[in-house]
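Listed below are the residues making up each chain.
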Amino acid sequence: PLRSASRVLGWRIEGASTDVVVLALRAWVGLTARVVVALDDGTVTVASFVRYSGPAKLLARAVWAATIPLHERILPHLLTSAARRIAQEYATNGCA
């Protein structure tokens, strides 16, 4: 699902703390991607990690190359959505 307590825009929330969020996506073409967002003294750092595997890894590389412009365009929205979800979860669970 695109939206749930454990997903942001279809990306699974793989891990979260007060200062780091890890989002993960596994695609049928043999592409696994993770976006790590870290907050430190008001500075946000974002890193994307992509792995190609399996017999279709050349196709996976082509798919990733084609999606980079979209990735760059939606990343700000993805980060905002992740921050809201994590804040809601912490507020609901009574965590700081």
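Residues numbered from 1 in each chain as written. Predicted model: local features only at pLDDT ≥ 70, side-chain atom pairs only at ≥ 80, totals over all residues. Heavy atoms only, no water.

Engineer: When you look at the pairing of strand 4 (residues 20-27) in this model, what are you seeing that I'm missing?
Structural biologist: Both faces of the sheet carry side chains from a regular strand, because those side chains alternate between them. In terms of strand pairing, strand 3 (residues 11-16) meets strand 4 through four bridges, oriented antiparallel. Within strand 4, the position partnered with Arg 12 by the bridge is Ala 24. Linking two consecutive strands that pair antiparallel, namely strand 3 and strand 4, is a turn of three residues. Relative to strand 5 (residues 31-40), strand 4 runs antiparallel, the two sharing eight bridges. Bridge pairing in strand 5 places Val 21 opposite Val 37. (Pairing = 2+ DSSP bridges. Helix = DSSP H or I, 4+ residues; strand = E, 2+ residues; numbered from the N terminus.)

Engineer: Would you explain the side chain of Thr 32 in this entry?
Structural biologist: Locating Thr 32 in the fold gives a position in strand 5. Not counting residues up to four positions away in its chain, the partners in contact with Thr 32 are Leu 25, Arg 26, Phe 49, Val 50 and Arg 51. (Contact = heavy atoms within 4.5 Å.)

Taken by themselves, the reported measurements are silent on function.
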